[in-house]
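Residue-level structure breakdown
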Amino acid sequence: MTITINDTLALSFLIFTIGFIGVLVRRNFLTVLMSIELMLNAVNLNLIAFSRRLSDLTGQIFSVFVITIAAGEAAIGLAIIISLYRQRKTLNVDEADTMEG
Amino acid sequence: MEGALLTGLAGWIFGAFALVAVVCAISVVLARNPIHSALFLLVTFLMVAGIFFLESAEFVGAVQILVYAGGIMVLFLFVIMLVNVQRLPATEPYQKQIVAAVVLGFCLNVLFDSQLVLAPVAGGAAFQPDALRTAAGRLLGNSQAVAWGLYREYLLPFEIASVFLLVAIVGAVVLGRRSVEKMD
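Read on for an overview of the structure. This structure is a prediction, so every number in the text was calculated from the model and none was measured. (Residues numbered from 1 in each chain as written. Chains lettered and ligands numbered in written order. Predicted model: local features only at pLDDT ≥ 70, side-chain atom pairs only at ≥ 80, totals over all residues.)

1. Some details on the interface of chain B and chain A
The partner chain A presents 61 residues to the 76 residues of chain B that form the contact. Listing elements by their share of the side of chain B that touches chain A, those giving two or more residues are β1 (4–6), α1 (9–30), α2 (34–54), α3 (58–83), α4 (98–118), α5 (142–151) and α6 (155–176) of chain B. No other element matches the 13 residues that α3(B) contributes to the side of chain B that touches chain A. For the side of chain B that touches chain A, the class distribution of residues is 57 nonpolar, 17 polar and two charged. Pairing geometry for strand β1 (residues 3–4) of chain A and β1(B), over two bridges, is antiparallel. (Contact = placed C-beta atoms within 7 Å. Helix = DSSP H or I, 4+ residues; strand = E, 2+ residues; numbered from the N terminus. Nonpolar A, V, L, I, M, F, W, Y, C, P; charged D, E, K, R; others polar. Pairing = 2+ DSSP bridges.)

What follows is the structure, encoded as structure tokens:
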């Protein structure tokens, strides 16, 4: 089977879309964060595919940065989840509605 | 074939990795139990790491396993244990606008893929494996070549990323601590 860059890009788009839908439809804060990680991973796939296609290392270097940002984002997001759980005893994103309106 | 990233057996392995990754990614979104979501997410990360290895990004693949599968997953599982999911009030796991969201996501995917159909990335010159491993005229390992770019051309972004991580650590500690009054 021959894989071209277009196949890798299609895979990356599919995973990104799944993450996007996950962010929109889930109520659980934890699963929303996991969906965001899926989207970031899809972007990495894109960068790596172009890195190989163009025979250029820059894409790989940038995906290291993306992984760094993802780690920081997960740490902050999970700290916010713990903070929310302590105050409201819930993980439902709809219950965090103090700033609504 | 012109512009091919992977051929033969590597292509089939890519297909298998891609299939498992997509199925597990869908399961992450569908699973009701957050622990199941986390484990499906772990499998997706490992499959994506395998694709990185196939596409000669060995260093990024190893970092993916170490940071995502090792670090971030442990963080997720730790928080799931900490918040005691079983005691939470049972709620419908999906938002009411699930149909609209799925249609919107489908449209987004069609929009992306239409770009691939309308303007596919052209074949161009054949892939040169050694080009990913050379720096300053010398042939290096992949990690060495990535480090070469990271510490020379992209030194400032690298330092900014380290400061970002410091800010994230401090922020996580501040957000996660109990208030002083309650501890007394």
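2. Section: unusual backbone geometry
You will see that A:Ser55, though not glycine, has its phi angle at about 50 degrees, which is positive. Mapped onto the elements, A:Ser55 comes out in the loop between α2 (29–53) and α3 (58–88). Positive phi outside glycine occurs at B:Ser56, with the angle close to 50 degrees. Among the structural elements, B:Ser56 can be located in the loop between α2 and α3.

3. Side note on α1(B)
All names here are of chain B. Across its 22 residues, α1 extends 32 Å between first and last C-alpha, which sits within 8% of the 32 Å expected from 1.5 Å per residue. Buried within α1 we find Phe14, Phe17, Ala18, Ala21, Cys24, Ala25, Val28 and Val29. All buried residues of α1 fall inside an arc of 145 degrees around its axis, so they share one side. Turned more than 90 degrees off the buried face of α1, the exposed positions are Leu9, Ala16 and Leu19. (Expected span 1.5 Å × (residues − 1). Buried ≥ 20, exposed ≤ 12 C-beta atoms within 10 Å, placed from the backbone. Arc of directions from axis to C-beta.)

4. Thoughts on the packing of α1(B) against α2(B)
All names here are of chain B. Viewed as axis vectors pointing N to C, α1 and α2 meet at an angle of 155 degrees, and their least axial separation amounts to 8 Å. In terms of orientation, α1 and α2 fall into the roughly antiparallel class. Handedness of the crossing formed by α1 with α2: left-handed. Judged by residue contacts, Ala10, Ile13, Phe14, Phe17, Val20, Ala21, Cys24, Ala25, Ser27 and Val28 of α1 engage Ser37, Phe40, Leu41, Val43, Thr44, Met47, Val48, Gly50, Ile51 and Leu54 from α2. (Axes fitted to C-alpha atoms, helices over the stretch in contact; angles between N-to-C directions. Parallel < 35°, antiparallel > 145°, perpendicular 65-115°, else oblique. Left-handed = near helix turned anticlockwise from the far one by under 90°.)

5. Some thoughts on the nonpolar core
The biggest cluster of nonpolar side chains holds 72 residues, and the ones touching the most others in it are A:Ile15 and B:Val28. Counting only elements with at least two residues in this core, the list comes to α1 (5–25), α2 and α3 of chain A together with β1, α1, α2, α3 and α5 of chain B. (Core = buried A, V, L, I, M, F, W, Y, C linked by C-beta atoms within 7 Å.)

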